[in-house]
Amino acid sequence: MSQEKSTEEQIIAAAKKIFLQKGLAGARMQDIADEAGINKALLHYYYRSKDKLFDIVFDEAFDKVISRLSTIISTNMSLPDRIRSIVRGYIEGLAENPHLPLFILNELQQDPELLIRKFKAKPNFPNLQLFLMEIARAGEQGTIRKISPIQLMINILSLCVFPFAARPLLKGVVGMDDVQFRLLTEERKELVADFILKAIEP
């Protein structure tokens, strides 16, 4: 059983790497088998198709991040506290799954309809419409500065995601190592939240 688990883990790790490099359309089962150091027949024994592997790789990473955000968005905390928790939860989720932003960006270029269908099919996908309506109401009531809810959401997402998407650039150009990058992302949990909340002060 431990040997089987080890082989499955090797395959999933290899699939993550290949899908990140080539996307679903460009990846081949032979590429994944080569990366995992096994033959193609053994790969097919464990996983019959690359679509099945893609679902596993995508779901594993995406579900961890999204379920956390969905829980935060649906709480009864004040809007500023929720925004702070969203930033913290999102950055923590991406730190645990640093390949996810590039993975999603790559698939958005290759097959956006497939990715959107996957998003919508998730039972734990957060109710963004209710959250956007709440932001709009808060702006109307003057508890936050009046701002386009979509613009605010994009600001939150981009400020959280960019360091992970730009990680190779930061490491290559700025000379940042893994420890420095971890410290940077840890610091951004509060820095990004402070920045966003200051920007929407009434």
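Data block above holds the structure.
Residues numbered from 1 in each chain as written. Predicted model: local features only at pLDDT ≥ 70, side-chain atom pairs only at ≥ 80, totals over all residues. Heavy atoms only, no water.

Details of helix α9 (residues 149-165)
Helix length check: α9 (17 residues) gives 24 Å between terminal C-alpha atoms against 24 Å at 1.5 Å per residue, within 8%. At leucine 159, α9 is bent by approximately 30°, the largest bend along its length, and proline proline 163 sits one to four residues beyond. Turning to α9, its buried residues number three or more, namely Pro149, Leu152, Met153, Ile156, Cys160, Val161, Pro163 and Phe164. Check the buried side of α9 and you find it contacts α5 (79-96), α6 (100-110), α8 (128-141), α10 (167-174) and α11 (178-199). (Helix = DSSP H or I, 4+ residues; strand = E, 2+ residues; numbered from the N terminus. Expected span 1.5 Å × (residues − 1). Bend = angle between axes of the 7 residues up to and from the residue. Buried < 20%, exposed > 50% of the residue type's maximum accessible area, 1.4 Å probe, protein only. Contact = heavy atoms within 4.5 Å.)

Observations regarding the side chain of threonine 185
Topologically, threonine 185 is positioned in helix α11. The residues touching threonine 185, leaving out its near neighbours within four places in the chain, are Ile91 and Phe164.

Section: α11
Its 22 residues give α11 an end-to-end C-alpha distance of 31 Å, which sits within 8% of 32 Å, the value for a rise of 1.5 Å per residue. Of all the bends found along α11, the most pronounced is centred on arginine 188 and spans about 40°. Taken residue by residue, α11 has Phe181, Thr185, Arg188, Lys189, Val192, Ala193, Ile196 and Leu197 as its buried positions. Among the structural elements, α5, α9 and α10 are those in contact with the buried residues of α11. Of the residues flanking the start of α11, the one acting as N-cap is aspartate 177, its side-chain oxygen 3.2 Å from the backbone nitrogen of valine 179. (Polar contact = N/O pair within 3.5 Å; in protein donor to acceptor, adjacent residues only side chain to side chain.)

Structural notes on a nonpolar patch on the surface
A cluster of nonpolar side chains, Leu102, Leu105 and Leu108, forms an exposed patch at the surface whose accessible area comes to about 220 Å². Turning to its location among the elements, leucine 105 is positioned in helix α6. (Patch = residues over 30% accessible without salt bridge, like charges linked within 9 Å, V, L, I, M, F, W, Y side chains within 5 Å. Areas by Shrake-Rupley, 256 points an atom, 1.4 Å probe, with all protein chains shown as cover. Salt bridge = Lys/Arg side-chain N within 4 Å of Asp/Glu carboxyl O.)

Overview of the nonpolar core
Core analysis: the largest hydrophobic core is formed by 60 residues, its most contacted members being Ile11, Phe19, Ile32, Leu43, Leu53 and Ile83. Of the residues forming this core, the biggest block, 11 residues, is contributed by helix α4 (residues 50-73). If near-sequence neighbours (up to four positions away) are discounted, isoleucine 83 is found in contact with Phe131, Leu152, Ile156, Ile196, Leu197 and Ile200. (Core = buried A, V, L, I, M, F, W, Y, C linked by side-chain atoms within 4.5 Å.)

Considering the pattern of salt bridges
Tallying each qualifying case throughout the model produces 14 salt bridges. Its salt-bridge partner being aspartate 31, residue lysine 22 comes within 3.2 Å of it at the nearest N-O pair. Across the salt bridge formed by glutamate 190 and arginine 84, the nearest N and O atoms sit 2.8 Å from each other. Residue glutamate 190 is found in helix α11, and its partner arginine 84 is found in helix α5; the two are separated by 106 residues along the sequence. On the basis of relative accessible area, glutamate 190 is assigned to the partly exposed category, the value being 31%. Accessibility expressed as a relative area gives 25% for arginine 84, which makes it partly exposed. One network of salt bridges, with partners in common, ties together Arg84, Arg88, Glu92, Glu186, Lys189, Glu190 and Asp194.

Here we look at the packing of α9 against α11
One way to put it is that α9 packs onto α11 with a least axis distance of 10 Å and a crossing angle of 165°. On the basis of the axis angle, α9 is roughly antiparallel to α11. Regarding α9 and α11, the two cross each other, and that crossing is right-handed. Across from Leu152, Asn155, Ile156, Leu159, Cys160, Pro163 and Phe164 in α9, the residues of α11 making contact are Phe181, Leu184, Thr185, Arg188, Val192, Phe195 and Ile196. (Axes fitted to C-alpha atoms, helices over the stretch in contact; angles between N-to-C directions. Parallel < 35°, antiparallel > 145°, perpendicular 65-115°, else oblique. Left-handed = near helix turned anticlockwise from the far one by under 90°.)

Section: the environment of arginine 137
Summarising the element assignment, arginine 137 is placed in helix α8. For the pair formed by arginine 137 and arginine 188, sequence separation is 51 residues and the distance between their alpha carbons is 28 Å.

What about the environment of glutamate 35?
As for its placement among the helices and strands, glutamate 35 is situated in helix α2 (residues 29-36). Its relative accessible area of 36% is what places glutamate 35 among the partly exposed residues. Separated by 11 residues in the primary sequence, glutamate 35 and tyrosine 46 have C-alpha atoms spaced 15 Å apart.

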